[in-house]
Amino acid sequence: MAKSGNQKLKLLYIAKILEEESDEQHCISMQELIKKLEEYDVSAERKSIYDDMEQLMKFGYDIVYVKARAGGGYYLAGRRFELPELKLLVDAVQSSRFITLKKSRELIHKIEQLAGKYEAKQLQRQVYVAGRIKHYRVDKMGTIRVIDGMVRAGRDSFRQFDIGAYTNKTFGMFGGEEAVVTLELPERMLGIVLDRFGKETDIRRKEGEDGIFLARIEVAVSSQFFGWLTGLGESVRIASPENVAERYRDYLKGILERYNRL
């Protein structure tokens, strides 16, 4: 059988298959490897693949062969980044307030490509319980153990959770009732809102008033949000909804009354 033009790329294709398709829990058998090479229009025999694996290992690839009747084969053991390191990178990108949602997704996709396809699925994990986020203070944890036989609550929901959007709308470790709030503010303060809620924040000019803008944000309404808003001073006010504005007025009145009693 005549060799295809891809035959000279066989070593590269083998390395690509190992990088994308294998890990410690997912070995690739010799037969599977031959079949995958055929998908790239590359023919191969067992003896030639043995030689190819040896050359790749000489070059520096950490390839391991597991001898077993079922589930045996080759896998790539050493990678540039380990899975825990990739999880940290994903968390850092998702929680950044200075990266747009589109760019965040692009970066996460690139990070996923540094792992095999099976480990990449684990990069989209979050703690999601009964439709809400449950915060864990790692520095307060002690005597941690794994409970056998228990299924994690919200396991089917966490993949759809966007940690970047969530951290933009919450303040500190405090949650609250989520609401879409419109802030009225001068142009000079737009940068503060964009830094806090991201560059994709819906911002429009207020009709009839020069230099005044309306910023539509999604927040978890809480005392922490009101505290952040108070720090912006009198130039910023809640334009809508009225029930959130009323809660903010009550918040400010409560603080003032407390100081009046001193």
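Computed from a predicted model, the values in this text were never measured in an experiment.

Q: What is the right way to look at the packing of helix α1 (residues 10–21) against helix α3 (residues 46–59) in this model?
A: A pair of packed helices is characterised by two quantities: the angle between their axes and the separation of those axes. Following both chains from N to C, one finds α1 and α3 inclined at 75°, their axes separated by 10 Å at the closest point. In terms of axis orientation, α1 runs roughly perpendicular to α3. Within the contact between the two elements, α1 uses K10, L11, I14, A15 and L18 and α3 uses S48, D52, M53, Q55 and L56. Looking at side-chain class alone, the contact of α1 with α3 contains 6 nonpolar, 2 polar and 2 charged residues.

Q: Could you clarify how one ought to interpret the side chain of D52 in this entry?
A: Residue placement: D52 occurs in helix α3. Classification of D52 as buried rests on a relative accessible area of 10%.

Q: What exactly am I supposed to notice about the environment of D52 here?
A: Each C-alpha atom of the pair D52 and A15 lies 9.6 Å from the other, and the pair is 37 residues apart in sequence. Beyond its immediate stretch of four places on either side in the chain, D52 contacts K10, L11 and I14.

Q: Quick question: what am I supposed to make of the sheet that holds strand β6 (residues 202–205) here?
A: In sheet architecture, strand pairing relies on hydrogen bonds along the backbone and comes in two forms, parallel and antiparallel. In spatial order, the strands read β6-β7-β5-β8; together these 4 strands make up an open sheet with antiparallel pairing. The open sheet terminates on both sides in strands that have one partner only, identified here as β6 and β8 (237–240). The mean angle between the axes of side-by-side strands here comes to 40°, regardless of whether they run parallel or antiparallel. As paired elements, strand β5 (residues 177–186) and β8 share 3 bridges and run antiparallel to each other. When the bridges of β8 are listed, E184 appears paired with R237. Along the sheet, helix α9 (residues 223–231) makes contact with β5, β7 (212–221) and β8, crossing β7 at roughly 155°.

Q: Whenever I open this one, the nonpolar core confuses me. Can you help?
A: Nonpolar side chains in soluble globular proteins generally cluster together in the buried interior. Ranked by size, the top nonpolar core spans 22 residues in total, and within it L183, L185, I217, L229 and I238 carry the most contacts. It is β7 that contributes the most residues to this core, 5 residues altogether. Filtering out sequence-adjacent residues up to four positions away, L183 remains in contact with F213, L214, A215, I217, W228, L229, V236, R237, I238 and A239. Within the second largest apolar cluster, 18 residues are counted, among which are Y13, I34, L37 and A44.

Q: Help me out: how do you make sense of the pattern of salt bridges in this one?
A: When charged atoms on two side chains of opposite charge get close, those side chains can pair. Tallied over the entire structure, the rule returns 14 salt bridges. The shortest N-O distance in the salt bridge between E177 and R247 comes to 3.9 Å. Of this pair, E177 sits in strand β5 while R247 sits in helix α10 (residues 242–260), and the two are 70 residues apart along the sequence. Residue classification places E177 among the exposed positions, given a relative accessible area of 55%.

Q: Help me understand the pairing of β7, please; the structure alone is not making it clear to me.
A: The two faces of the sheet receive side chains in turn, since in a regular strand these alternate between them. Of all 10 residues making up β7, 7 are buried, and the element is well covered by its neighbours. Across 10 bridges, the pairing between β5 and β7 is antiparallel. Its bridge partner lying in β7, E184 is registered against L214. Linking β6 to β7, which pair antiparallel, is a turn of 6 residues; within it G208 sits at a positive phi near 85°.

Q: Could you clarify how one ought to interpret α3 in this entry?
A: Spacing of three or four residues puts side chains on the same side of an α-helix, whose turn is 3.6 residues. For α3, built from 14 residues, the straight-helix expectation of 20 Å at 1.5 Å per residue is met to within 8% by its first-to-last C-alpha distance of 20 Å. Among all positions of α3, only I49, D52, M53 and L56 are buried. Looking straight down α3, one finds that the buried residues subtend no more than 100° of arc, so they occupy a single side. Turned more than 90 degrees off the buried face of α3, the exposed positions are K47 and K58.

Q: I would appreciate a short explanation of a nonpolar patch on the surface in the present structure.
A: Judged by side-chain polarity, I255, Y259 and L262 come together as a nonpolar surface patch covering roughly 390 Å² of accessible area. Mapped onto the elements of the fold, L262 is located in the segment after α10. Using a relative accessible area of 82% as the deciding quantity, one classes L262 as exposed.

Q: What am I meant to see in the side chain of Q7 here?
A: In this fold, Q7 is placed in the segment before α1. Here the side chain of Q7 touches S43 through a polar contact of 2.5 Å, landing on its backbone oxygen. Not counting chain neighbours up to four residues away, the residues in contact with Q7 comprise V42 and S43.

Reading the values: the criteria
- Residues numbered from 1 in each chain as written.
- Predicted model: local features only at pLDDT ≥ 70, side-chain atom pairs only at ≥ 80, totals over all residues.
- Heavy atoms only, no water.
- Axes fitted to C-alpha atoms, helices over the stretch in contact; angles between N-to-C directions.
- Helix = DSSP H or I, 4+ residues; strand = E, 2+ residues; numbered from the N terminus.
- Parallel < 35°, antiparallel > 145°, perpendicular 65-115°, else oblique.
- Contact = heavy atoms within 4.5 Å.
- Nonpolar A, V, L, I, M, F, W, Y, C, P; charged D, E, K, R; others polar.
- Buried < 20%, exposed > 50% of the residue type's maximum accessible area, 1.4 Å probe, protein only.
- Pairing = 2+ DSSP bridges.
- Core = buried A, V, L, I, M, F, W, Y, C linked by side-chain atoms within 4.5 Å.
- Salt bridge = Lys/Arg side-chain N within 4 Å of Asp/Glu carboxyl O.
- Expected span 1.5 Å × (residues − 1).
- Arc of directions from axis to C-beta.
- Patch = residues over 30% accessible without salt bridge, like charges linked within 9 Å, V, L, I, M, F, W, Y side chains within 5 Å.
- Areas by Shrake-Rupley, 256 points an atom, 1.4 Å probe, with all protein chains shown as cover.
- Polar contact = N/O pair within 3.5 Å; in protein donor to acceptor, adjacent residues only side chain to side chain.

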